[in-house]
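This is what each chain is made of:
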Amino acid sequence: MTTDSLPNVTFSNEFSGLDVSDTAFALLDELGTVVGWTQAAERLVGYGAADIVGCSAALVVPSFKATATTAVFVERCRAKNGWPGATAVRHRDGHLVDVSLRITALQGREGTTRWLASLADAGAVSGDVLSGLARGPLLARAPIGVVIRDTHLRCMFTNDVMEQHDGIPAHERLGRRLAESAPGATAEAIEALMRQVLQGGATKVHEYRAWLPTTPGRAHPFSGAYHCIEGADGETVGVCVISADVTESRRMLEHIATISKASTRLGETLDVMQTSQGLADLAVPLLADYAAVDLEQSVPFGEGPAVHLGTSPSGVPVLRRAGQASIHPGVPESPLTCGDSVPMPSSASPLADVLRTGKPHLEQRVDRPWVDGHPALARRCRETGMHSLMIVPVHVQGSLLGLVTFVRTDNPTPFQEFDLLLAQELVNHAALALDNARRYAREQTAALALQRNLLPRRLTGGTAVETASRYLPADMDHGVGGDWFDVIPLSGARVAFAVGDVVGHGLHAAATMGTLRTAVRTLADMELPPDELLAHLDNTVQRLAEADGDDLDSVPGAVGATCLYAVYDPATRVCTMARAGHLPPVIVDPQGLVIFPDLPPGTPLGVGLGDPFETVELELPEGSLIALYTDGLIETRDGDIENGMRRLGSVLAEPGQPLEELCTRATDTISGQASCDDTTLLLVRTRSLNATGVACWTLPNDETSVRRARNLTARQLTTWGLDSLGDSTKLIVSELVTNAVRHSTGPIRLCLKQHGALTCEVSDTDACAPRPRRARSTDESGRGLLLVAQMSRRWGSRLIPEGKVVWVEQGIPTTSGPRPTSRSPQSRAA
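Residues numbered from 1 in each chain as written. Predicted model: local features only at pLDDT ≥ 70, side-chain atom pairs only at ≥ 80, totals over all residues. Heavy atoms only, no water.

Chemist: Help me understand the state of the cysteines in this model?
Modeler: Covalent bonding between the sulfur atoms of two cysteines defines a disulfide. Using the criterion set out here, one finds one disulfide in the structure. Paired through a disulfide, Cys696 and Cys751 show a sulfur-sulfur distance of 2.3 Å. Torsion about the S-S bond of the Cys696 and Cys751 cystine: about 115°, corresponding to right-handed handedness. With a gap of 55 residues between them, Cys696 in strand E31 (residues 694-699) and Cys751 in strand E32 (residues 748-754) connect regions that are remote in the sequence. A relative accessible area of 32% places Cys696 in the partly exposed class. No disulfide involves Cys760; its sulfur sits 8.9 Å from the nearest other cysteine sulfur, which is in Cys751. (Disulfide = S-S within 2.5 Å. Helix = DSSP H or I, 4+ residues; strand = E, 2+ residues; numbered from the N terminus. Buried < 20%, exposed > 50% of the residue type's maximum accessible area, 1.4 Å probe, protein only.)

Chemist: What is the right way to look at helix H22 (residues 726-743) in this model?
Modeler: Relative to the 26 Å expected for 18 residues at 1.5 Å per residue, H22 spans 26 Å between its end C-alpha atoms, a close match to the ideal helical length. Regarding H22, the residues found buried are Gly726, Ser728, Thr729, Ile732, Val733, Ser734, Leu736, Val737, Asn739, Ala740 and Val741. Buried residues along H22 sit against helix H21 (704-720), E32, strand E33 (757-764), helix H23 (784-791) and strand E35 (803-811). (Expected span 1.5 Å × (residues − 1). Contact = heavy atoms within 4.5 Å.)

Chemist: Explain the sheet that holds E31 here, please?
Modeler: Sheets are built from strands paired through backbone hydrogen bonds, the pairs being either parallel or antiparallel. Pairing within the open sheet is antiparallel, and its five strands lie in the order E31-E32-E33-E35-E34. Looking along the sheet, the strands with just one partner apiece sit at the ends: E31 and strand E34 (794-800). Averaged over all adjacent pairs, the angle separating strand axes in this sheet is 15°, with direction ignored. By the bridge criterion, six bridges tie E32 to E33 in an arrangement that is antiparallel. Note that in E33 the partner of Cys751 across the bridge is Glu761. Taken strand by strand, H21 contacts E31, E32 and E33, and its axis lies near 165° from that of E31. (Pairing = 2+ DSSP bridges. Axes fitted to C-alpha atoms, helices over the stretch in contact; angles between N-to-C directions.)

Chemist: Quick question: what am I supposed to make of the side chain of His755 here?
Modeler: Of note, His755 is situated in the loop between E32 and E33. A relative accessible area of 9% places His755 in the buried class. Engagement of the side chain of His755 in a polar contact is seen with the side chain of Thr759, the distance being 2.7 Å. (Polar contact = N/O pair within 3.5 Å; in protein donor to acceptor, adjacent residues only side chain to side chain.)

Chemist: I keep staring at the confidence of the model for the protein chain and nothing clicks. Help me out?
Modeler: When pLDDT drops low, the exact placement of atoms in the prediction is not to be read closely. Looking at the protein chain, pLDDT values average 80 and 79% of them are 70 or higher. Predicted confidence is poor over residues 550-558, with pLDDT under 50, and the contacts of this stretch with residues over four places away or in other chains come to twelve contacts. The model gives residues 824-830 a pLDDT under 50, and that stretch makes eight contacts with residues more than four places away or in other chains. (pLDDT = per-residue confidence, 0-100.)

Chemist: Which parts of the structure should I look at to understand the sheet that holds strand E25 (residues 586-588)?
Modeler: Read across the open sheet, the five strands follow the order E20-E29-E28-E25-E26; overall the sheet is antiparallel. A strand with exactly one partner marks an edge of an open sheet, and here the two such strands are strand E20 (465-472) and strand E26 (594-595). Note: strand E28 (residues 625-629) against strand E29 (residues 679-686), five bridges, orientation antiparallel. By the bridge assignment for E29, Tyr629 is matched with Leu681.

Chemist: It is not clear to me how the pattern of salt bridges should be interpreted in this structure. Could you clarify?
Modeler: A side chain with one charge may pair with a side chain of the opposite charge, provided their charged atoms come close. Under the counting rule described, the total for this entry stands at 23 salt bridges. A salt bridge links Arg195 to Glu191; its shortest N-O distance comes to 3.8 Å. Here the residue Arg195 and the residue Glu191 both occupy positions in helix H9 (residues 185-200), the gap between them amounting to four residues, near one helical turn. Residue Arg195 is classed as partly exposed on the basis of its relative accessible area, which comes to 37%. (Salt bridge = Lys/Arg side-chain N within 4 Å of Asp/Glu carboxyl O.)

Chemist: Would you take a moment to explain the pairing of strand E7 (residues 96-108) for this structure?
Modeler: For a regular strand, the rule is simple: side chains alternate between the two faces of the sheet. Here E7 pairs with strand E8 (residues 113-121) via nine bridges, running antiparallel. Counted as the bridge partner of Arg102 is Ser118 from E8. Here E7 runs beside strand E10 (residues 155-158); their pairing, made up of two bridges, is antiparallel. Residue pairing for E10: Gly108 is matched across the bridge by Phe157.

Chemist: Can you walk me through the packing of H21 against H22 in this structure?
Modeler: Pairs of packed helices are described in terms of their axes, by the angle between the two and the distance that separates them. At a closest axis distance of 9 Å, the pairing of H21 and H22 adopts a crossing angle of 150°. In terms of orientation, H21 and H22 fall into the roughly antiparallel class. Taken as a pair, H21 and H22 cross one another with a handedness that is right-handed. In this structure, H21 uses Ser705, Val706, Ala709, Arg710, Thr713, Ala714 and Leu717 to contact H22, whose residues at the interface are Gly726, Thr729, Lys730, Val733, Ser734, Val737 and Thr738. Taken together, the residues that form the contact of H21 with H22 break down as six nonpolar, six polar and two charged. (Parallel < 35°, antiparallel > 145°, perpendicular 65-115°, else oblique. Left-handed = near helix turned anticlockwise from the far one by under 90°. Nonpolar A, V, L, I, M, F, W, Y, C, P; charged D, E, K, R; others polar.)

Chemist: When you look at the nonpolar core in this model, what are you seeing that I'm missing?
Modeler: Looking at soluble globular proteins, one finds that nonpolar side chains tend to be buried together. Judged by nonpolar contacts, the single largest core of 49 residues is most densely connected at Phe497, Leu534, Leu537 and Tyr565. Ignoring any residue separated from it by four or fewer positions in sequence, one finds Phe497 in contact with Asp486, Val487, Leu564, Tyr565, Ala566, Tyr568, Cys575, Ile626, Leu628, Leu682 and Val684. Of all hydrophobic cores here, the second largest spans 36 residues; its members include Val272, Ala322, Val396 and Ala433. (Core = buried A, V, L, I, M, F, W, Y, C linked by side-chain atoms within 4.5 Å.)

Chemist: I'm lost on unusual backbone geometry in this one. Help?
Modeler: Trans peptide bonds make up most of the peptide bonds, and negative phi angles are found at most residues other than glycine. Of note, the bond from Val284 into Pro285 is cis; its omega dihedral lies within 30 degrees of zero at 5°. Its location among the elements puts Pro285 in helix H11 (residues 272-286). Although it is not a glycine, Ala493 sits at a positive phi angle of roughly 70°. Along the chain, Ala493 turns up in the loop between strand E21 (481-489) and strand E22 (495-505). What makes Ala493 buried here is its relative accessible area of 7%. Residue Arg573 is not a glycine yet carries a positive backbone phi of 60°. Inspection of the secondary structure puts Arg573 in the loop between strand E23 (562-569) and strand E24 (574-580).

Structural data, given as C-alpha cells:
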C-alpha cells in the first residue's frame, strides 16, 4: 500500500456520514471487563475512567447480565453481523439511556482478543429520515476498520476489515507503528495527529487516499477517526483508530436516500399486488439484476398470514408470485407470472431455510449442490448467469407475509453484508405498505361480502313489472360504497322500487346501507306514499346520526344519504315517485323516446332541513322502461353528470331489447369511463293488468250492499274459474263491506284483481285503519278480521286521498283454469 496526503486536509466531527464526536467507545477484555474508556463514554453514562475501568461492562449495559460472559454476548452479536440492535445503558444516576450498540472483535499478538463496544445515543438522532438512517443500523453495520495503538503508537489490536482498507496483513501490523508498516509522508502526518490526540484527548478526524493493490492506478478515499483511550487512574493508555471507506459510506448514504425517497411510493396504493410489483421494480437495478416477491397465498385477499416467525409451520406455506422485475426483457430468470404458485424446493434449499427460521439468507456464491437438485433451476442459473443470491423475509408483528428474492446476473460483484442490510431496509419499508394493503383488502372483502348479503338476491316484480339489475363495487383504491336498490311487491299487484346511496365507503357505509334498505321495506309495508315514506326515512337517518354522535368512539353518522322511491300500479299504469337528493330516473317510452321527469330533487336524507318531499305522478304507456341508478354509473373523473345521463339514455333507447342485455351494455359502456364509485343500475319495464283481470263496482253505503257484494263476487269468480275460492272470498267481502257500511258515510268501492293471486279491495271514506282485536265470549262483534286473517295469505290497509283501502290477498290454487292476469308488450304484440 502507498499513501499520500490529500491536498487540503480537514479536521471535523463528521466521519463518513456519522457524528463520531459523541460516539462512546469502550475496550473490553475476553471476560467483559472494561480495560479502556473514552471521554465520550463518560459524557454518555456519567462514569469516568477511574470509576469503570476494571469493572464488568454489565455495570452499565444490563443486557450483558443475560449472558454468562461478555464474550458470549459479543459472539452472539457477531453471529448477527456484529449488530445486536438498540439496547439501553444505565447512567451513573440510575436512569436508562437508549443507545445503538455495536460490538467489534479485535485480535492481538499471540492470539489475544479484545472487544470494542461503540455506543451512540439513540435519542440524539435527528428527525430527518436520512439522518436517522445514517445514525441507525445501516451505517452502524457498515464495515469499519479498527486499530488500538499504545502510547508509543504501536499496534496492539486490530480487526479483519483493516486489511481491506490498507492492504496490510494483521501479522505485519501488530507490534509496529504505522510508519514502520507503511512508510511515507501520510503515515508520518497521521502519527503526528495521533500524538496530538494522546496529549490533548480530543477526537480528531483525518481524510486520506490510498492506492491499494486491488485497485491499481486509482486513489481510494478513506476517513480515520482517532480517539484517546484512558486507563484505570484516568491516564492515557492508547489511541483507538476507526477507519471507514469513504466511497462505500457515500454509496451507502446515496442508496439510503434512494430507498428513503422511493419507498414512500410503495404506500401510495392499497393494492397488495401493485405494492409487491412496486417493490420488485424498486429493487431492480438498485440492488439486484432480478427480484421476485412471493406472498403467502391468503395475503392478497386480506386474510392473516399462516406462518409465524420462530415457529415450525405444520405444513409448507403456499406462496404465490406477486411481483417480479429484471434488467432483461421478458424476465428470463423465472417462468412464473404474477399469480402463479411458487414451487417449493427441497428442505436443503435456502428458501426452505428462510421459511423455517424467518431469518434472511445471503449466498455470495450460489451453492451448486442444492441448485443441482433442481435441473430446471440449474439450467436457468447457467443460462442467465445467476451467481449471487439474497432472500429476505417479509414480516410484520411476528407474522411472515412472504419472501423477496434478490439475484445478481450481469453485475459480477457478489452480494455483501452491506447489500443485505439495504435489502432488509427496503423490505421493511415494503412490509408496512403490504400490511396496510392487506388490512385494507380484508376490510374491503368484509364490506363487499356484507353489502352483497344485504342487497336483494332475487328481484320479484310480480305481474306488474319486469326487472333486471347490476351492482359493480368501486375499485380497491376507493372501496365498497353504500349503494343499494330494491324491488318490493305491494298490495293490489302494485310494486315499489327504490335506489339509494350512502355517502362514504367501507364497512360503515355498507352497514348503514343495510339499515336503510330494511327501513324502506318496513315503511313500504305500511303502504305509505313516496313523500311520506321519505319523510319517515329522513327521520330515521337523523336518529341514526344522533345515536352515533353519542358514542365518541363511533364513526360519523350517515348524513348525506340519498334515495329515490317509486310506486307503480299496473291497473292504472300510474307511477308515483319522490326523491331525496338522488338523481332523477331515466324513462324510455315504447317508441324509444328518452325523458328525465321534472321531479323535485328534495334534500338528502339526514340533513335535517325539514323541507317536505314532493311526489310526481306519471301515467306510463305499457312497456315503458324506468332506469334507476347511482352516480357511479354516470359520473367520471373527466366528465360531468349531465353528459353521463345523456349517454345512459342513449344506451337504453332501444325498445324491445332484453333487460339483461341492456344492463350489461349500460354498465360496460360506463365502466370504461374510469368511474371512481360504486355502479348501481336497476331497470324496470312496466306491464299493465289485463282488463279482464280486474273487476270493480261502486256500492251504496247501506245494508243491501253486503248481499250485492257477495253476489257480484260469486259471479266474477265463476267467470275466472275460481269457484274453489268462492266461499272464503264471499266471507271476506262480507266482512270488509260490513265494516265500511258501519264506519264510513260515502260510497263504497269493491275491486277484485287477479294477478297471480286474488286480491279483494274495499275502499271507503273513513281514514281510520281497521285493527283486529281479541273478542271476549260475551261480545257480539270483533271476530271478523280474525277470520279474514285466517282465510287469507295476508291483508292490510293503505290511505288514499278519499279515505282508505282495505285489501286481502289469497293464493290461487294451481288446478284453477286459465286466468288472464297481465300483459307485456311482447304478449300484446303476439
